[in-house]
Amino acid sequence: MHHASDTASTPTAATRSAATRRELANVRRRTARKRYLAATAIVAVAGTLVGTGFVVQANSAEQERVAATAQLSSGTGLERDQLGVYEVIAKAQANEKAKSTIDDANQVIAAVQDKVDTTPLSTTVASLAAYQSLDRDTVLSLVKQASDAKASVQAAASEADQAAADAAAAAEAAAAEALAAGNTVAGAKATAQALGASKYGWGDDQFSCLVSLWQKESGWNYQAENASSGAAGIPQALPGSKMASAGSDWETNATTQVIWGLDYIKRGYGTPCAAWSHSQSVNWY
């Protein structure tokens, strides 16, 4: 036998059904709320990116689509095709990469264009310049091409720099070797004989007089210096700084001293033999 209190406390089927419907409705509302907040958050991110200039290339139709998507009902959900903000952000990111790639590539081109052929990189950059009107995949493909071309150009420039450095080092070594050889007694005599013949037309007889003259003066030593008078070098110029008219390296280069000395003999005595005769007579020339 059932008591009245027992009957009152037992939920009827109708009551349970109503509670279930309310609970399901609450669940749907909470789910819709979460979806709406998620959509709003994503759109807010996109809006922030637009505001900071990141999504500067998103056109007005895309922005309107993002705004409209934020107002979709909870039953619509967040399907990718409906929520266009993903595409907007992806395209903006591609555009940002394109802009950065173009800037970097142009700097490389300016730096190495006199060293290597930059045509492949320049061509790709020219195509990438239209990134605003290109689809995302095309932009990213061109970005990859430009990056590869930039790396290739930089590698070629590095090789060119190394080759130039090697050539400069070789030339410097050759010059140092030639200077050292020319500064020897034999080297200085060879220089004097060659220049005397080519520039002044002096033959072996004049060269013989020159050998005797400068042997007496300095022993053909480019570092010779007269302690009492201050005369210097192979021709014993007084002062030695006079030889600067033939070259600023007169102190270290026997060839510069020889050039000056031959000119001095030509202007003062006409020939080495005449200068040698004067030296034998008065002990100087």
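Each residue is numbered by its place in its chain's sequence as written, counting from 1. Restriction of local features to residues with pLDDT of at least 70 applies here, the model being predicted, together with a cutoff of 80 or more for giving and counting side-chain atom pairs; totals for whole chains, interfaces and linings are based on all residues. For side-chain calculations, the full set of non-hydrogen atoms in the structure is used, while hydrogens and water are omitted.

**Thoughts on the nonpolar core**
Each nonpolar core is a collection of buried residues, namely Ala, Val, Leu, Ile, Met, Phe, Trp, Tyr and Cys, held together in the definition by side-chain atoms within 4.5 Å. Relative accessible area decides the class of each residue, using a 1.4 Å probe on protein chains only: under 20% of the type maximum gives buried, over 50% gives exposed, and in between gives partly exposed. Leu210, Trp214, Ile234 and Ile265 are the most contacted members of the largest nonpolar core, which totals 19 residues. Numbering goes from the N terminus for both helices and strands, where a helix is a DSSP run of H or I of at least four residues and a strand is a run of E of at least two. At the level of elements, helix H7 (185-200), helix H8 (204-217), helix H9 (254-268) and helix H10 (272-282) are the ones that each hand at least two residues to this core. The biggest single contributor to this core is H8, with 5 residues. Counting 18 residues, the second largest nonpolar core, distinct from the first, contains Val112, Val116, Leu121 and Tyr131.

**Regarding the confidence of the model for the protein**
For every residue, the predictor assigns a confidence score, pLDDT, that lies between 0 and 100. Here the protein averages 83 in pLDDT, while 71% of its residues score no lower than 70. Here residues 1-8 is a poorly scored stretch, pLDDT under 50, and it has 1 contact once near neighbours within four places are set aside; other chains count. Below pLDDT 50 for its whole length, residues 45-58 participates in 19 contacts with residues either more than four positions away or in separate chains. Contacts are assigned to residue pairs that have any heavy atoms within 4.5 Å of one another.

**Focus on the packing of aromatic side chains**
Any Phe, Tyr or Trp ring, taking Trp's six-membered ring, that has another such ring centre within 6.5 Å forms a pair; planes under 30 degrees apart are called stacked, those over 60 apart edge-to-face, and the others tilted. Across all of its chains, the model carries 6 aromatic pairs by this definition. Aromatic side chains Tyr200 and Trp202 sit 4.7 Å apart centroid to centroid with 20° between the ring planes, which places their arrangement in the stacked category. When sorted by exposure, Tyr200 lands in the same class as Trp202, which is buried. Between Tyr264 and Tyr285, the aromatic rings sit 5.6 Å apart at their centres with planes inclined by 75°, giving edge-to-face as the arrangement. Of the two residues, Tyr264 is situated in helix H9 and Tyr285 in the segment after H10; the sequence distance between them amounts to 21 residues. Taken together, the aromatic side chains of Trp260, Tyr264, Tyr269 and Tyr285 make up a single cluster linked through ring pairs.

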